[in-house]
Amino acid sequence: MPVIRIISSAHSCLRSASLLAAIAFTAALTMPAGADDYDAAIKDIQSAIGGVPGFMKQFPKAGLPGAWAEVKAIEISDKTALPPKVKSLISLAVAAQIPCNYCVWSDTENAKRAGATDEEIQEAVALAALTRHWSTIFNGMQVDFAQFKKEIGRRIGRGYEE
């Protein structure tokens, strides 16, 4: 069976019935799924989140089992290295940069449910903007990477004041 690569630009948290439209953007390596795999994935989604949103039914049947397995194992699992609040804030920051209105809305809601304050949400988005800003400058001005590492590397851990 050939392996199909589904390339994603973002994903959202699928912790609640509010879900995210971003399952369609979830990266997954999958084997083509049979009807049994698809039906099992649909049943698992129903069990995990209390329903199957329409957008998931629009996702290619061959890819849904693999895409759902990845989202379930990484994004909505509470048994990963990152806690749910951190995952939601990271996802929100990425979604704000893409931009994806579906993801921004659902990631904001999920971050709040996971205990994020308005200030934490604002800071995550501002940090994403700051990272994008400086990345644009470094890349556009073709700043020498070796020189950058030399200059910034000796400052890490000491603060930025000379």
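Above this text you will find the structure in question.
Criteria and thresholds
- Residues numbered from 1 in each chain as written.
- Predicted model: local features only at pLDDT ≥ 70, side-chain atom pairs only at ≥ 80, totals over all residues.
- Heavy atoms only, no water.
- Helix = DSSP H or I, 4+ residues; strand = E, 2+ residues; numbered from the N terminus.
- Expected span 1.5 Å × (residues − 1).
- Contact = heavy atoms within 4.5 Å.
- Axes fitted to C-alpha atoms, helices over the stretch in contact; angles between N-to-C directions.
- Left-handed = near helix turned anticlockwise from the far one by under 90°.
- Phe/Tyr/Trp six-rings, centres within 6.5 Å; stacked < 30°, edge-to-face > 60°.
- Buried < 20%, exposed > 50% of the residue type's maximum accessible area, 1.4 Å probe, protein only.
- Lys NZ or Arg CZ within 6 Å of the ring centre and 35° of its normal.
- Salt bridge = Lys/Arg side-chain N within 4 Å of Asp/Glu carboxyl O.
- Core = buried A, V, L, I, M, F, W, Y, C linked by side-chain atoms within 4.5 Å.

(A) Main features of helix 5 (residues 101-113). Along its 13 residues, helix 5 runs 18 Å from first to last C-alpha, staying within 8% of the 18 Å computed at 1.5 Å per residue. The inward-facing, buried residues of helix 5 contact helix 4 (84-97) and helix 6 (118-140).

(B) Focus on the packing of helix 1 (residues 35-49) against helix 3 (residues 64-75). Interaxial distance between helix 1 and helix 3 falls to 9 Å at its minimum, and their mutual angle equals 35 degrees. Our pair here, helix 1 against helix 3, has a crossing hand that is left-handed. Only Leu64, Pro65, Trp68 and Lys72 of helix 3 make contact with helix 1, whose side of the interface consists of Asp37, Tyr38, Ala41, Ile42, Asp44, Ile45, Ala48 and Ile49.

(C) Up close: the packing of aromatic side chains. For the coordinates displayed, the defined rule picks out two aromatic pairs. Judged by centre distance (5.8 Å) and plane angle (35 degrees), the ring pair of Trp134 and Phe138 falls under tilted. Taken as a pair, Trp134 and Phe138 lie in helix 6 at a separation of four residues, close to a single helical turn. The partly exposed category is assigned to Trp134, whose relative accessible area is 41%. Overall, Phe138 belongs to the partly exposed group, its relative accessible area being 31%. Among the aromatic residues, those joined into a ring-pair cluster are Trp134, Phe138 and Phe148. Over the ring of Tyr38 we find Lys61; its NZ or CZ atom is 5.1 Å from the centre of that ring.

(D) Inspection of the pattern of salt bridges at higher detail. Within this structure, the stated rule accounts for three salt bridges. Two residues, Lys72 and Asp44, come together in a salt bridge whose shortest N-O distance is 2.7 Å. Here Lys72 is found in helix 3, whereas its partner Asp44 is found in helix 1, with 28 residues between them in sequence. Residue class for Lys72 comes out partly exposed when judged on its relative accessible area of 34%. Its salt-bridge partner being Lys85, residue Glu120 comes within 2.9 Å of it at the nearest N-O pair. Placement of Glu120 in helix 6 and of Lys85 in helix 4 is noted, with a sequence separation of 35 residues between them. Given the relative accessible area of 28%, Glu120 is considered partly exposed. In this structure Lys85 comes out as partly exposed when scored by relative accessible area, which is 25%.

(E) Molecular detail of the nonpolar core. In terms of nonpolar packing, the biggest core is built from twelve residues, these being Tyr38, Ile42, Ile45, Ile49, Val52, Met56, Phe59, Leu64, Ala67, Trp68, Val71 and Ile76. For this core, the secondary-structure elements that each account for two or more residues are helix 1 and helix 3. Apart from residues lying up to four places away in sequence, Ile45 is in contact with Gly50, Gly51, Val52, Met56, Leu64 and Trp68. Of all hydrophobic cores here, the second largest spans six residues; its members include Leu89, Ala116, Ile121 and Ala124.

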